[in-house]
Amino acid sequence: SVSGSDSEDSSLSDSELQEAFARGELKPGLNVVLEERPKRRNDTDGLKQCLAEFRQQLTWVERLDVTLGPVLDPVAQTTSNTDVIDPENDFQREMSFYRQAQAAVLEALPRLRKLQVPTRRPDDYFAEMAKSDQQMQKIRQKLKSKQEAMERSEKAKQLRAMRKYGKKVQTEILQRRQKEKKNMLNAVKKYQKGLSDKLDFLDDEQTSSQGNKKGTASQRAKKGPNAKRRYKNQKFGFGGKKKGSKWNTKESFNDVSSFQAKVAHNKGPGKAKKGGKKALNKRPGKRARQKMKNRAR
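The rules we used
- Residues numbered from 1 in each chain as written.
- Predicted model: local features only at pLDDT ≥ 70, side-chain atom pairs only at ≥ 80, totals over all residues.
- Heavy atoms only, no water.
- Helix = DSSP H or I, 4+ residues; strand = E, 2+ residues; numbered from the N terminus.
- Expected span 1.5 Å × (residues − 1).
- Buried < 20%, exposed > 50% of the residue type's maximum accessible area, 1.4 Å probe, protein only.
- Contact = heavy atoms within 4.5 Å.
- Polar contact = N/O pair within 3.5 Å; in protein donor to acceptor, adjacent residues only side chain to side chain.
- Patch = residues over 30% accessible without salt bridge, like charges linked within 9 Å, V, L, I, M, F, W, Y side chains within 5 Å.
- Areas by Shrake-Rupley, 256 points an atom, 1.4 Å probe, with all protein chains shown as cover.
- Salt bridge = Lys/Arg side-chain N within 4 Å of Asp/Glu carboxyl O.
- pLDDT = per-residue confidence, 0-100.

Considerations on helix α5 (residues 90-114)
Given a rise of 1.5 Å per residue, 25 residues ought to cover 36 Å, and the 37 Å separating the end C-alpha atoms of α5 matches this to within 8%. Of the residues making up α5, those classed as buried are Ser96, Arg99, Ala104, Ala108 and Leu112. Close packing links the buried residues of α5 with α4 (60-63). One side-chain oxygen at the N-terminal end of α5 lies 3.2 Å from the backbone nitrogen of Phe91; it belongs to Asn89. Gln116 lies just past α5 and shows a positive phi near 60 degrees.

See the structure below:
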């Protein structure tokens, strides 16, 4: 039996509604008269006529159209028609498109080679980029900033590693010094208490200090003078003993061959004047020095 709801009545077909109306089961106001749906038509003759009207009689090389039928699946050995392929299955649908396109390419390539149409891109082919220079410049700047950030992070990592290593070496040196100091203090205490009569720790300390001094001296000898010292040596010579160079020795004290009494005591000819005795090497006056300078010029 048919109920009085609209949903149930609308779900029935036209023949069922007519039969229900004949039996008197339908009530007024509960049913909606629907318009008849247009029937689908497959007018192949009309389509072919339309195609013939706008088709242009051109050669195949101008059209480059390839029409293929169903393509066999090499794995399943089935044709890719609508009866076999489920249109709701995305994978099967896309694979059928792929196989059909591949078969069309394999059919068109020999025909193009026969017509001497090039199908491969030459090595010197220049294709303009789809992106503008401004956009490419932005991309370059972004890549450059990323690279600089990576370099900064690498440098920071290296600095942290160096600081850790330096801190580790410093702590090891401090621990070693503390250990040596502790051992020496223990040895001194033992010696003071009379538990030990050896003073080896003092010898060890002296030998270690001497070894350090020798090591530094050898390092200096290997290294040699710095650039400033070498320049001064080249300009002024290596020098020699300056302090005490005018002191008398036993031989110079006994050698009186170059002694002249007149010169020593200012008694030479023409030295005594009205103003008294003057030194032999008296400095000339300022005006005389100025005249001498002018003459030299």
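Having seen it, we continue.
Observations concerning unusual backbone geometry
Glycine aside, negative phi is the norm for most residues, and most peptide bonds take the trans geometry. Positive phi is not limited to glycine here, since Leu64 has a value of about 55 degrees. Along the chain, Leu64 turns up in the loop between α4 and α5. With a relative accessible area of 49%, Leu64 lands in the partly exposed category. Non-glycine residue Gln116 carries a positive phi angle of around 60 degrees. Of note, Gln116 is situated in the loop between α5 and α6 (133-193). Looking at Gln116, the relative accessible area reads 74%, which means it is exposed.

With respect to a nonpolar patch on the surface
Together, Val61, Leu64 and Leu115 line one region of the surface with nonpolar side chains, adding up to about 250 Å² of accessible area. Along the chain, Leu115 falls in the loop between α5 and α6.

Section: the confidence of the model for the chain
Counting all residues, the mean pLDDT for the chain is 78, and 73% of those residues have values of 70 or more. Averaged over each element, pLDDT in the chain is lowest for helix α1 (residues 6-11) (48) and highest for α5 (91). The low-confidence segment residues 1-10, where pLDDT is below 50, has 16 contacts with residues more than four positions distant or belonging to other chains.

Structural notes on the pattern of salt bridges
Under the defined criterion, the tally for this structure stands at 2 salt bridges. As a salt-bridge pair, Asp65 and Arg63 come within 2.8 Å of each other at their nearest N and O atoms. Residue class for Arg63 comes out partly exposed when judged on its relative accessible area of 39%.

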